[in-house]
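So you can see what is in the structure, the chains are spelled out below.
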Amino acid sequence: ETLSDEFSSFLDSGIYRLPGIKAVFLDPVRLLNLSYTRYSISASGYYCRTFDSLGKGRRTNIEAGDSYVPKKKKRKRRLPQDLNEQELVAEKRHQDVRPFLLKAHEALLGTTELILFLPNLVKDEKFSIDRRGLEQSFIELGRVWQAPLYEISMNIEGNSKEVQEEGLQHVDSSGRTVVPLFNNLISNNASIDVDAEFLNRTYILPSKSCFHTSDLRQIHDLIPGSSDQGFNLIVIDPPWENGSAYQKAVYPTLPNRYFLYLPIKQLAHTEGALVVLWMTNRVKLRAFVEQELFPAWGVTDIRTYYWLKIKPDGSLLSELDLIHHKPYEYLLLGYVNKEKVGPHFIRNFQDIQIFISIPGAYSRKPPLGIDHLPGPKPSRCIELFARELVAEWTSWGNEPLCFQDSRYFMER
Ligand code: SAM
C-alpha cells in the first residue's frame, strides 16, 4: 500500500498535520531524535512506566512518581449543581473547548495509516536498553555544600571561554574537558553528540546544545551580554504548585510569586520573542498569569493551545468529562517585543491550536516542533526548568541533564 505524503513526511519530521482542523499529531521520540547524530532516543525509555511493554495502552501504576497517574480509587461523578465557583469557571472553559478537542480527536481517528502505526511509536525496533543503576538526583546534589566541587568531564575540546579564564576548566589524563557542573554554562560546540561523565554515569549532549544547572537564584547568569543576543523562543514549564490531592509532584515546586522574577524581558531578543508557557488546569493560575505574570514579563497577544493526550490505541488518555482529571493540558503563547514581530509570524502560528501525542513517562511534556520564530536566523531558543537538552537550544533548570542519562539512548 502506498503511504500518503503526510504520513511519509511524519516519519521524518514527527509531525502529522490533521486534515480539516488546526491540529497536529506529534511523535516526541521522532522530534527529539532530530537533535542526535550518533545516538537515538529509545522509545521504550521515553514511555517506560507509562504503558505496558506491549503498547496496548493499559495504564500501569508501578510508581507514584508520575504526577498525572490517577490513584486507583474510584472517583465519584460530580453533578454541575455540586460544583464550587472555581469549578464552575473551569467547567465552562471545558465546555467551550470540548467540541474542538473532540473534532481533533475524530480527525486523528480518521487517519487510518497513522492510527495503525501508533503502537509502533512506543516500542523500539532494535533492542530494549539496559536501565540498571540508580539515576542521579541533580536536585539533591546541587543543594549540598560540596556542589561547587562537582565536575563533569566531556569528550570535547575546551570551549567555555569564561571558565577557562577563571581557571576552572582543565583537561584530564584521557584528554577530556573537565568543568564544574553546577552554576556553570556548559556547551557542546561540536556538530555531533558527545558523551559526558558525571559521578560514574554517562550523559549524552546533543550538538550545539548548552545547559546551566542551577537554582532560580542563579538564572540571571543566562541574561545575554548584548541586547541582540537574546532568545527568540522561550519555553517555560514552571514547577507550579499543584492544589489537586490526586497529584503528587516528582520535583520541588515554587509559589507563584517566584515566577514574577524570571527575567523574561531580559532574555527576550530585541527583535521579538515567542514565549510558550505550560499551564495547569487550575482556574486561579490562569488569572494570576493573565493579570500579574504576563504583564510583569511584558508578554502580550496571548493565545491558548491545547495538548490532548492519547493512548497507543488512539483512544483518549482518560474520559473527557471528569471534573478533576482531564486528558488534556494547555499552554499559553504570547510575544515579547511584539511591535518588532512581523504580522506573518503571528499568523503562521495561529495555524495550529491542538497538539496530540502519547504522553511520555515522568510527566514529560512533548517537544512542540515550533518553527516560524521572530528575529534573525538561526533562531535562538531556550527552555526554562528543562529536564532535557535539545540541539542548538539552551536548557536551564536544576536538573537539565535528567533525561540525557545514557539509559534513555541507543547507539545508532
Ligand atoms: N518540561 C519538563 C519536562 O517536560 O520534562 C518538566 C519541567 S517540571 C514542570 C519543572 C522543573 O523545575 C523540575 O525539573 C524541577 O526540578 C525544576 N525546579 C523546581 N524548583 C526549581 C528551582 N528553584 N530552580 C530551578 N529549577 C527548579
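Just so you know, the residues in each chain are numbered from 1, in the order the chain's sequence is written. Owing to the predicted nature of the model, reporting of local features is limited to residues with pLDDT of at least 70; listing and counting of side-chain atom pairs is limited to 80 or more, with chain, interface and lining totals taken over all residues. Heavy atoms from the whole structure form the basis of all side-chain values; hydrogens and water molecules are not counted.

Asker: Can you help me understand the pattern of salt bridges in this one?
Answerer: Opposite charge on two side chains lets them pair, provided their charged atoms get close. Every case where a carboxyl oxygen of Asp or Glu lies within 4 Å of a side-chain nitrogen of Lys or Arg is listed as a salt bridge. Inspection of the entire model under this criterion finds 15 salt bridges. Between D96 and K92 there is a salt bridge, with its nearest N and O atoms 2.9 Å apart. Here D96 pairs with K92, and both are found in helix 4 (residues 85-109), just four residues apart, close to one helical turn. Burial classification: accessible surface area is computed with a 1.4 Å probe over protein chains only, and a residue below 20% of its type maximum counts as buried, one above 50% as exposed, and the rest as partly exposed. Relative accessible area serves as the criterion here: at 51%, D96 is assigned to the exposed category. Starting at the N terminus, helices and strands are each numbered in turn, a helix being any DSSP run of H or I of at least four residues and a strand any DSSP run of E of at least two.

Asker: Would you explain the packing of helix 1 (residues 5-13) against helix 5 (residues 112-121) in this entry?
Answerer: Note on geometry: axes are lines fitted to C-alpha atoms, helical ones only across the stretch in contact, with angles between N-to-C directions running from 0 to 180 degrees. At a minimum axis distance of 11 Å, the contact between helix 1 and helix 5 shows a crossing angle of 20°. What the angle tells us is that helix 1 and helix 5 run roughly parallel. Our pair here, helix 1 against helix 5, has a crossing hand that is right-handed. In contact with F7, F10 and L11 of helix 1, helix 5 contributes E113, L114, F117 and L121. Basically, the charged four are Asp, Glu, Lys and Arg, the nonpolar ten are Ala, Val, Leu, Ile, Met, Phe, Trp, Tyr, Cys and Pro, and anything else, Gly included, counts as polar. Taken together, the residues of the contact of helix 1 with helix 5 break down into six nonpolar, no polar and one charged. For this classification, under 35 degrees means roughly parallel, over 145 means roughly antiparallel, 65 to 115 means roughly perpendicular, and everything else is oblique. Whether a crossing is left-handed or right-handed is set by the direction in which the near helix is turned from the far one by less than a right angle, anticlockwise for left-handed and clockwise for right-handed. Whether two residues are in contact is decided by their heavy atoms: any pair within 4.5 Å suffices.

Asker: What exactly am I supposed to notice about the site of the ligand here?
Answerer: The criterion for a residue being near a molecule or strand is simple. One of its heavy atoms has to lie within 4 Å of it. Lining the immediate environment of the ligand, one finds 19 residues, of which D237, K365, R387, N398 and E399 sit closest. Take K365: an N or O atom from its main chain is 2.8 Å from an oxygen atom of the ligand. Between the ligand and N398, the relevant distance is 2.7 Å, taken from an oxygen atom to a side-chain nitrogen or oxygen of the residue. Notes on the ligand: free accessible area 610 Å², of which the protein chains cover 97%. When the residues that make up the shell around the ligand are grouped by side-chain class, the tally is ten nonpolar, two polar and seven charged. Any pair of N or O atoms that falls within 3.5 Å is considered a polar contact. Within protein, one atom must be able to donate a hydrogen and the other to accept it, and sequence-neighbouring residues count only if both atoms are side-chain atoms. Only the protein chains shown count as cover for residues, and all accessible areas are computed by the Shrake-Rupley method using a 1.4 Å probe.

Asker: Please explain unusual backbone geometry as it appears in this structure.
Answerer: Peptide bonds are, in most cases, trans, and in most cases residues other than glycine have a negative phi. Each neighbour pair has its own omega, and for K377 with P378 the value is -5°, a cis peptide bond. Summarising the element assignment, P378 is placed in the loop between strand 15 (354-357) and strand 16 (381-384). One non-glycine residue, N183, adopts positive backbone phi at about 55°. The residue N183 is located in the loop between strand 6 (177-180) and strand 7 (185-187) in this model. In this structure N183 comes out as partly exposed when scored by relative accessible area, which is 43%. The phi dihedral of N200 is positive, around 65°, even though this residue is not glycine. Relative to the helices and strands, N200 resides in the loop between strand 8 (194-198) and strand 9 (201-205).

Asker: Would you mind going over the nonpolar core with me for this structure?
Answerer: The nonpolar side chains of a soluble globular protein tend to be buried with one another. Buried Ala, Val, Leu, Ile, Met, Phe, Trp, Tyr and Cys residues form a nonpolar core when they are joined through side-chain atoms within 4.5 Å. Core analysis: the largest hydrophobic core is formed by 72 residues, its most contacted members being F25, I234, I236, V289, W297 and L384. In terms of residue count, helix 9 (residues 283-297) provides more of this core than any other element does, six residues in total. Counting 21 residues, the second-largest nonpolar core is a separate cluster that includes V276, Y335, L368 and W393.

Asker: Looking at this structure, I do not really get the pairing of strand 12 (residues 273-278). What am I missing?
Answerer: Two faces make up the sheet, and in a regular strand the side chains alternate between them. Counting buried residues in strand 12 gives six out of six residues, a clear majority hidden from the surface. Burial along strand 12 is two-sided: the residues A273, V275 and L277 and L274, V276 and W278 are all buried. Strands pair, by our definition, only if DSSP identifies at least two bridges between them. Sheet analysis places strand 11 (residues 233-236) next to strand 12, joined by four bridges and oriented parallel. Across the sheet, the residue bridging to V235 is V276, located in strand 12. Where strand 12 meets strand 14 (residues 328-336), six bridges bridge the pair, whose relative direction is antiparallel. From the neighbouring strand, A273 faces strand 14, where its bridge partner is V336.

Asker: Would you mind going over the sheet that holds strand 1 (residues 15-17) with me for this structure?
Answerer: One key point about sheets: their strands pair by backbone hydrogen bonds, in either a parallel or an antiparallel sense. Here we have eleven strands laid out as an open sheet, ordered 1-2-15-13-14-12-11-16-17-10-7, and mixed in their pairing. At either margin of the open sheet sits one strand with a lone partner, and together these are strand 1 and strand 7. Each strand axis lies, on average, 20° off the axis of its neighbour in the sheet, ignoring direction. With respect to the sheet, helix 4 is in contact with strand 2 (23-26), strand 13 (300-309), strand 14 and strand 15, its orientation differing from that of strand 15 by roughly 55°.

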